[in-house]
Amino acid sequence: MNLPNLKEAKIRTNKEVAIKEALNLKSDKFKGQKFYLKTYGCQMNVHDSEEIKGILTNLSFSETTDLNEADIIVLNTCAIRENAHDKVFGFLGRIKHLKRNKPDLIVCVGGCMAQENSVANLLKEKYPFVNIVFGTHNINELGTMILNASSNQDIEVYSIEGDVYENIDYKRDSKYSAWVNIMYGCDKFCTYCIVPYTRGKQRSRKMPDILKEVQTLKDEGYQEITLLGQNVNAYGKDLAENYDFATLLEEAARINIPRIRFVTSHPWDFTDEMINVIAKYPNIMPYIHLPLQSGSSKILKLMGRRYTKEDYLKLYQKIKETIPGCSITTDIIVGFPNETEEDFKETLDVVNTCAFDGAYTFIYSPREGTPAALIKDNISKEVKEARLQTLNKLVNSYSLKHNKEYVNKIVKVLVTSPSEKGENKVCGYTETMKLVNITGASNDIGKIIDVKITSAKSFSLDGEKEIFANIS
Ligand code: 5AD
Ligand code: SF4
């Protein structure tokens, strides 16, 4: 794991000026050349990739989705579980073959995985064809690194966070729905989680800078913004100013973008003020992702989550009572060390009590350098897999039950893109974050329309554009 040291702090301070100068660097050196970008992991990585796309576009590359056409390949990696690593190394194997026929191909590996010492060493030893390795704290240095790329591997990964940058030239994936970073890093140090190490300590952006970005997005015609952070509730706690998330959310809502969302919330510092602000503003969407992780207070303690099963249920109840119709999804880990059958049953009990709209479920994966990795992983693979299956079955039954409640109802959907489910179909999300595949709305991408729901599955709804409701 990367631990800050004085020598690096000095180098980093000296480099800060150069890194700043690299921000939004422009060049026509690569005109006519193409980039292929692959993103692994969470929304934070998806948004970082929008920054990477901005950097590559500023260097005059254009995007390709055909690996064989690429002059430069960038992998934006994830470290959250072991299988995220495996996928990247598998993909690098493919790239090695490509590079044999195309020696000038520039290969870059960045993001969370690159932030781990062991990975940087492995890339040096076993993947020397990778030209550039960059971390999460110096994405904006990538432009300079590409301009200076050579056959020698250039590794620039810092364990010290450095400054928060403003005025980043993002190349956003959507013209209708935008991510807005409100903070970087995480100070929670849940015992299983690698994020505080790969993303560093919490650094909030200043409220006026965030609101300026929201206003600009509104002026550009965006219909939806999602405020993004590893733990948005803790927004501002690292700053001298008296900022908190409830105030930020309220100020953002007043800018009058039609839809405001936020991810992710930690149950620990979810305040009454936040709940009241969400309830008060119709343009703050009634949808909260509230990771539970486990329903057993014993396991929650081992996970360092700072709340009990009872605390979670109390918060859940308060949200449901104050924000009518609010949908709630969650994350759950099974097979954490020392999780007994009884502990697992408690997780199932909480799922039954909360009847979540959806849940992302995971088998515990020990991450090197985290405190939990030191606890003996004493649950067999078979038991972990069986628990995951049982949990998924229960979770999916509730998703389907909730989705069925939408059938024959008319709901507002922001249409975001063509649908994979058929030629004349488009898709989008309800206010409660349900995915809907829609017929009869081919010309409505980018609009919020009324949709009549015709059928429901566990993970999506089908619907038709509701013409009469739109006329009235
Ligand atoms: N093993 C399994 N799942 C993990 N998560 C985070 N770290 C681990 C790990 N080591 C899950 C948590 C988190 C989500 C983003 O990933 O549920 O909320
Ligand atoms: Fe990881 Fe916990 Fe921070 Fe979420 S709150 S990023 S699970 S340490």
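Source: prediction; values computed, not measured.

1. Observations concerning the packing of aromatic side chains
One pass over the full model with this rule turns up twelve aromatic pairs. Here Phe245 and Phe262 contribute two aromatic rings whose centre-to-centre distance is 5.5 Å and whose plane-to-plane angle is 65°, an arrangement assigned as edge-to-face. Of this pair, Phe245 sits in helix α8 (residues 245-254) while Phe262 sits in strand β11 (residues 259-263), placing them 17 residues apart in sequence. Taken as a pair, Phe245 and Phe262 share a single burial class, namely buried. Plain terms: the ring middles of Tyr312 and Phe356 are 6.3 Å apart, the flat faces sit at 65° to each other, and that makes the pair edge-to-face. Of this pair, Tyr312 sits in helix α11 (residues 309-322) while Phe356 sits in the loop between α12 (341-354) and β14 (358-363); the two residues are 44 residues apart in sequence, bridging distant segments of the chain. Grouping aromatic residues by their ring pairs yields a cluster made of Tyr307, Tyr312, Tyr316 and Phe356. One cation-aromatic arrangement involves Lys38 over Phe91; the distance from NZ or CZ to the ring centre is 5.2 Å. The aromatic ring of Trp268 is capped on one face by Arg306, whose charged end is 4.8 Å from the ring centroid.

2. Looking at the packing of helix α7 (residues 207-219) against α8
Axis separation between α7 and α8 bottoms out at 10 Å; the angle between their running directions is 30°. Taken together, the axes of α7 and α8 lie roughly parallel to each other. Where α7 crosses over α8, the two elements pack in a sense that is right-handed. Taken together, the residues of α8 that come into contact with α7 (itself represented by Met207, Ile210 and Leu211) are Thr247, Leu248, Glu251 and Ala252. Here the contact of α7 with α8 is composed, by residue class, of five nonpolar, one polar and one charged.

3. Quick notes on the environment of Thr39
Tracing the chain through its elements places Thr39 in strand β1 (residues 34-39). Linking Thr39 and Cys78, residues 39 residues apart in sequence, is a C-alpha distance of 8.3 Å. A distance of 2.7 Å separates the side chain of Thr39 from the side chain of Ser49, its partner in a polar contact.

4. Regarding the pattern of salt bridges
Inspection of the entire model under this criterion finds 30 salt bridges. Put simply, Glu241 and Lys206 hold a salt bridge, and the shortest N to O gap is 3.3 Å. Taken together, the residues span a long stretch of sequence, with Glu241 in the loop between β10 (224-228) and α8 and Lys206 in the loop between β9 (203-204) and α7 at a distance of 35 residues. Note that Lys280 is salt-bridged to Glu250, the shortest N-O span being 3.1 Å. Linking Lys280 in helix α9 (residues 272-280) with Glu250 in helix α8, this pair joins segments that are 30 residues apart in sequence. With relative accessibility at 55%, the residue Lys280 sits in the exposed group. Among the ionic contacts, a cluster of salt bridges with common partners joins Glu166, Arg172, Arg205 and Glu213.

5. A short note on the sheet that holds strand β2 (residues 62-63)
Pairing in this open sheet of six strands is parallel, and the strands run β2-β1-β3-β4-β5-β6 from one edge to the other. If you trace the sheet from one side to the other, it starts and ends with β2 and β6 (154-156), each paired once. Across two bridges, strand β4 (residues 106-111) lies against strand β5 (residues 132-134) in parallel orientation. Of the residues in β5, the one forming a bridge with Cys108 is Ile132. The sheet contacts of helix α2 (residues 43-58) involve β1, β2, β3 (72-77) and β5, and relative to β1 the element is tilted by about 170°. Together, β1, β3 and β4 form the strand contacts of helix α3 (residues 82-101), whose direction differs from that of β3 by roughly 170°.

6. Side note on the domain arrangement of the chain
Partitioning the chain into domains gives domain 1 (6-156), domain 2 (177-404) and domain 3 (410-465). For domain 1 versus domain 3, the separation of C-alpha centres amounts to 35 Å.

7. Quick notes on the pairing of strand β19 (residues 461-465)
Note: strand β17 (residues 435-439) against β19, four bridges, orientation parallel. The partner of Thr439 across the bridge, within β19, is Glu464. Pairing geometry for strand β18 (residues 448-456) and β19, over five bridges, is antiparallel. Within β19, the residue paired with Val451 across the bridge is Lys465. Hairpin connection from β18 to β19: four residues lie between these consecutive antiparallel strands.

The rules we used
- Residues numbered from 1 in each chain as written.
- Chains lettered and ligands numbered in written order.
- Predicted model: local features only at pLDDT ≥ 70, side-chain atom pairs only at ≥ 80, totals over all residues.
- Heavy atoms only, no water.
- Phe/Tyr/Trp six-rings, centres within 6.5 Å; stacked < 30°, edge-to-face > 60°.
- Helix = DSSP H or I, 4+ residues; strand = E, 2+ residues; numbered from the N terminus.
- Buried < 20%, exposed > 50% of the residue type's maximum accessible area, 1.4 Å probe, protein only.
- Lys NZ or Arg CZ within 6 Å of the ring centre and 35° of its normal.
- Axes fitted to C-alpha atoms, helices over the stretch in contact; angles between N-to-C directions.
- Parallel < 35°, antiparallel > 145°, perpendicular 65-115°, else oblique.
- Left-handed = near helix turned anticlockwise from the far one by under 90°.
- Contact = heavy atoms within 4.5 Å.
- Nonpolar A, V, L, I, M, F, W, Y, C, P; charged D, E, K, R; others polar.
- Polar contact = N/O pair within 3.5 Å; in protein donor to acceptor, adjacent residues only side chain to side chain.
- Salt bridge = Lys/Arg side-chain N within 4 Å of Asp/Glu carboxyl O.
- Pairing = 2+ DSSP bridges.
- Domains from an automatic or database assignment.

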